[in-house]
Amino acid sequence: MTNLKELRKELKYDKTNSCVQCGYCLPVCPTYLTMGKETHSPRGRINLVKMLGEGRTSDISVLEEPMNLCLGCRACETACPTGVEYGSILEAARAAVNRRKKYSFPLRTVRNVLLKKVFPSKKAMNFMGHAMWLYEKSGIQATLRKTRLTTKLPYHLGSFEAITSKAISPVERANFPSRVAARGTKKYTVAFFTGCVMDAMFRKINQLSIQLLAEVGCEVIVVENQTCCGALHAHAGEVGESKKLAKKNIMVFEQEDVDFIVNNAGGCGAMLNEYDHLLEEEPEWFERAKKITEKSKDISQIIAWCGGISTKNHTAERVTYQHSCHMTNVQKVIKEPLELIKSVPHSEYIEMKEAEMCCGSAGIYNIVNYEASMEILDRKMEHIKETSTTTIITTNPGCLLQMKLGIEREQLSSQMRAVHLIEYLAEAAGLVNTRIID
Amino acid sequence: MERQQIEEVQKITIKGRVFEEQSDLLSYSFDGSFGTYVPELVVQAKDTQEIAELVKFANQEKLPITPRGQATCLSGGPLPVKGGIVLDLSKMNELLEVDVEDLVAIVSPGVLTADIHKAAEKVGLMYPPDPSSSHVSTIGGNLAENSGGPRGLKYGVTKDYVIGLEVVTPQGEIIQTGGRTVKNVTGYDLTKLIVGSEGTLGIITKAILRLIPKPPASETVMAIFDDLVDSGRAISKILSSGILPAKMELMDQASMEAVENYEPSGLPTDAEAMIVIELDGHPAAVSDEAEQVSKLCQETGAREVRVPQTPEGKAEVWKARKLVSPAIVRIKPTKISEDATVPRSKIPDMCRRLQEIKKKYNVHLVVFGHAGDGNLHPNIIADKSDEEEMRRVEMAVTEIFEAAIELGGTLSGEHGIGTMKAPFMEMELGEIGLEMMKRIKQAWDPNNILNPGKIFPEPGQRLVLRE
């Protein structure tokens, strides 16, 4: 009985009681729609936790596949009429599986290297950035692409190779300002959260973000020693690792007296928004976490609050917006990005069907669950094609990569592009000269 | 099930899928009501012929089969209480054809009810039954349970819109009942017998639904009452005044309080009741009716009457009603949702009886629902881990059923009997009445393979809400 009690605690069984199994989550769950069975629905996954907590089965491995194949997009939380904390149940379940699981060697290596060594390390991520640059410039890329060797990379990494953004040189990379003054009258002082994937793979977007923030009237501080937000770890059930990173960020950011902490990645923003939840069982950290959480905002909010951007002549085009799940379902930031998109003159915004549904990127999901992810992506691309737009706007690096991959898969790269909202706005504001295509 | 039987089912199922992993079996063990029953096998069907063969095999082997849609059921319909096979029909959703000349829709069982609404509305028609789960529930489930919804007041329930069915019999034969005509008196009305039979007489594989023209306009009236019984009188009075609203919904004080605590919407928590009425039809008619309804509410003691003029204003009023369900489960986790229904004239009496029951058993009872058709939804909010409380809830639920029947009503207006209400069947139908139903079941399904354990009580079965 003690065991069951402990298991209930470990699995956050009490939180499952607010699920009344009404099924309202089914139509918004991407994996339920593509896999077509209750086992891969939010209600089904919660039920499996209930079954374990109630001792109807003692085999915790029943959770493994259903929890691993969940994208963690949390659209179910938005649809849920009774406020079930699905994200928290999911993370507890994944952690419980991890504790008992011996991963096969290659998968364990991918997980460990990515999660524990690469994302949290500025050096490693910088190295990846450099490597990407060298890879492109040296002609290795061209050779590999020509010989189609990239298709031989493990875990379908070849598919991702084709879509990585144009790398920037080490000189440019090191050249990151630590403080940028506001243009005109200062409205806010903000700290910029660089993020790990954003910083390594999309540093250009980070630079444009800082420029745009300054343009609209923010003094921007790039705090040193900040690290990965920990989202990817939490989603993979590595909560301990995630807490370590959160604490480091809290310590670093609380040293600056700023109005807001601004990020440009929906997933990171969601994590920063939940630092208080993450550390709720550690009283000495909870209040500090809460302060960071309260200040954390998405860049679209800040730009909108500053009155938007002033645009220079922008060419007419049809655009669509792929919502970031964590921005929609966790941060609940929905209207600001749309307002900003619609504020660009000559741009026609077309909403795609199932606009708020996940694209299948979901952290490292598309690497470890490639097939499942591609099924979701293909459905998404069908809806995008129906809009006849030429630009897909995103607000998170994972989504951006996935959209680029979708365009490649559909062989549409000559007529369609995927950009981050910031790139789109920077173009409209005349901060970049040429049309961004990769 | 024996290994050999499973292999045989796999051989039969070519277009469909067979699930036998433990995680899958556990995932088909529940619905939106109470209880967990793990099936021995799950078959996800895609094809009528395969279903027929599967049922034939199950009948030969005497294996229970329980059909299932998306399991939003509130009475235990899709629970495999005797084990065997759960037959998931939710992926048999490819046929949705609207015929504007015959005014019918032809659908396969896995089609979502809301998709039928959309397809009909696209061509200016309407499929009236509107259970609040219609964006999740399948039409197959609605047919099996004979679902209702707010519009039941004016337009009736699912059975009033079904004119033809394709059914797989318990012996695995495929039959057609009814057809595409509204008038059809050829022989017994098997269509109406199958609808609402909760999957105990056959598996519905196709349905022909009747559509009507979509009313061009609607008006909303909201009235607040200091006395719950007065609101009941207002409802009766409106209904006998020659006006038939499309919807007439009631919220009592407890449900308004719950909504206010959940999402403040400016509801008057000091009042005992609020009714929200929707009138639909010709624009001139509905605005005139809205005026009359407002007057009648004032005459019966409404302290405030509002007729919102903008679409946003109307949506605001209906949103508050929609929030009741989610709001009340924030109070305590276990919701026992009943749908005992009384004749319209007895609505005030039923309101009074419910208040007495609430006091007598000291339970958290909330009343809201489709008041206009006597289908009040008394919901009891409890905590299933508190055994003493659940015992009181059992007694309160029993007395709600007794009250409804004493007032000339019924155990279930729209949710179905399933498992929980089975012990009370004889109370409503009498011994012989129930026996006649049993004989129908025995004649159709002598081996009792289709959804066994539902509708009919086991000897000595009592209502138990404790696990």
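Computed from a predicted structure; not experimentally measured.

Undergrad: Hey, could you run me through the environment of Pro348 of chain B in this one?
TA: All names here are of chain B. Mapped onto the elements, Pro348 comes out in helix 13 (residues 347-361). Along the backbone, Pro348 and Pro78 are 270 residues apart, and their C-alpha atoms lie at a distance of 34 Å. Once residues lying within four places of it in the same chain are set aside, the contact partners of Pro348 are Val229, Gly232, Arg233 and Ser236.

Undergrad: Teacher, can you tell me more about the interface of chain B and chain A here?
TA: By a widespread convention, an interface's size corresponds to the accessible area lost as its parts come together. Listed by partner, the interface residues are 32 residues for chain B and 27 residues for chain A. Of all residues in chain B, the largest losses of buried area upon contact with chain A belong to Leu26, Phe30 and Thr36 of chain B, amounting jointly to 20% of the total for that side. For the pair chain B and chain A, the interface holds three salt bridges. Our enumeration of links across chain B and chain A arrives at 15 residue pairs in polar contact (both at pLDDT 80 or more). For the side of chain B that touches chain A, the elements supplying multiple residues, two or more each, are strand 1 (17-19) and helix 2 (22-27) of chain B. With five residues, the top contributor of residues to the side of chain B that touches chain A is helix 2 of chain B.

Undergrad: Would you mind showing me how to read the nonpolar core here?
TA: In a soluble, globular protein the nonpolar side chains are often hidden away together inside. By size, the foremost hydrophobic cluster in this structure holds 87 residues, and its most contacted members are Leu213, Cys229, Tyr275, Ile303, Ile309, Ile393 and Leu425 of chain A. Excluding residues within four positions of it along the chain, Cys229 of chain A makes contact with Phe193, Asn249, Cys268, Met271, Leu272 and Tyr275 of chain A.

Undergrad: Any chance you could explain the pattern of salt bridges here in plain terms?
TA: Once their charged atoms are close, side chains differing in charge can pair, the charge on each being opposite to the other. Here the structure, examined in full by the defined rule, presents 54 salt bridges over all chains. A salt bridge links Asp24 of chain B to Lys37 of chain A; the shortest N-O distance between them is 3.1 Å. On the criterion of chain membership, the pair formed by Asp24 of chain B in helix 2 and Lys37 of chain A in the loop between helix 3 (30-35) and helix 4 (42-53) is interchain, its members lying in two chains. We note that Asp24 of chain B, like Lys37 of chain A, is buried. One salt bridge in this structure joins Asp115 of chain B and Lys118 of chain B, with 3.5 Å as the shortest N-O distance.

Undergrad: Would you mind showing me how to read the packing of aromatic side chains here?
TA: The description of two aromatic rings rests on the distance between their centres and on the angle between their planes. Residue and element names in this part refer to chain A. A full pass over the atoms with the stated rule returns six aromatic pairs over all chains. Between Phe193 and Phe253, the aromatic rings sit 6.0 Å apart at their centres with planes inclined by 35 degrees, giving tilted as the arrangement. One end of the pair, Phe193, is in the loop between strand 2 (188-192) and helix 13 (196-201); the other, Phe253, is in helix 16 (residues 239-253), and 60 residues separate them in sequence. Here the two residues Phe193 and Phe253 agree in accessibility, since each one is buried.

Undergrad: How do you make sense of the sheet that holds strand 2 (residues 41-44) of chain B when you look at a structure like this?
TA: Sheet strands pair via backbone hydrogen bonds, and the direction of the pair is either parallel or antiparallel. All names here are of chain B. Strand order across the open sheet formed by four strands is 1-2-4-3, with mixed pairing between neighbours. Two strands in the sheet have a free side with no partner beyond their single neighbour: strand 1 and strand 3 (65-68). Each strand axis lies, on average, 20 degrees off the axis of its neighbour in the sheet, ignoring direction. Bridge count for strand 2 against strand 4 (residues 85-88) is four bridges, and the pairing is parallel. Following the sheet pairing, Gln44 is matched in strand 4 by Asp88.

Rules used in this analysis
Residues numbered from 1 in each chain as written. Chains lettered and ligands numbered in written order. Predicted model: local features only at pLDDT ≥ 70, side-chain atom pairs only at ≥ 80, totals over all residues. Heavy atoms only, no water. Helix = DSSP H or I, 4+ residues; strand = E, 2+ residues; numbered from the N terminus. Contact = heavy atoms within 4.5 Å. Buried area = accessible area lost by both parts, 1.4 Å probe. Salt bridge = Lys/Arg side-chain N within 4 Å of Asp/Glu carboxyl O. Polar contact = N/O pair within 3.5 Å; in protein donor to acceptor, adjacent residues only side chain to side chain. Core = buried A, V, L, I, M, F, W, Y, C linked by side-chain atoms within 4.5 Å. Buried < 20%, exposed > 50% of the residue type's maximum accessible area, 1.4 Å probe, protein only. Phe/Tyr/Trp six-rings, centres within 6.5 Å; stacked < 30°, edge-to-face > 60°. Pairing = 2+ DSSP bridges. Axes fitted to C-alpha atoms, helices over the stretch in contact; angles between N-to-C directions.

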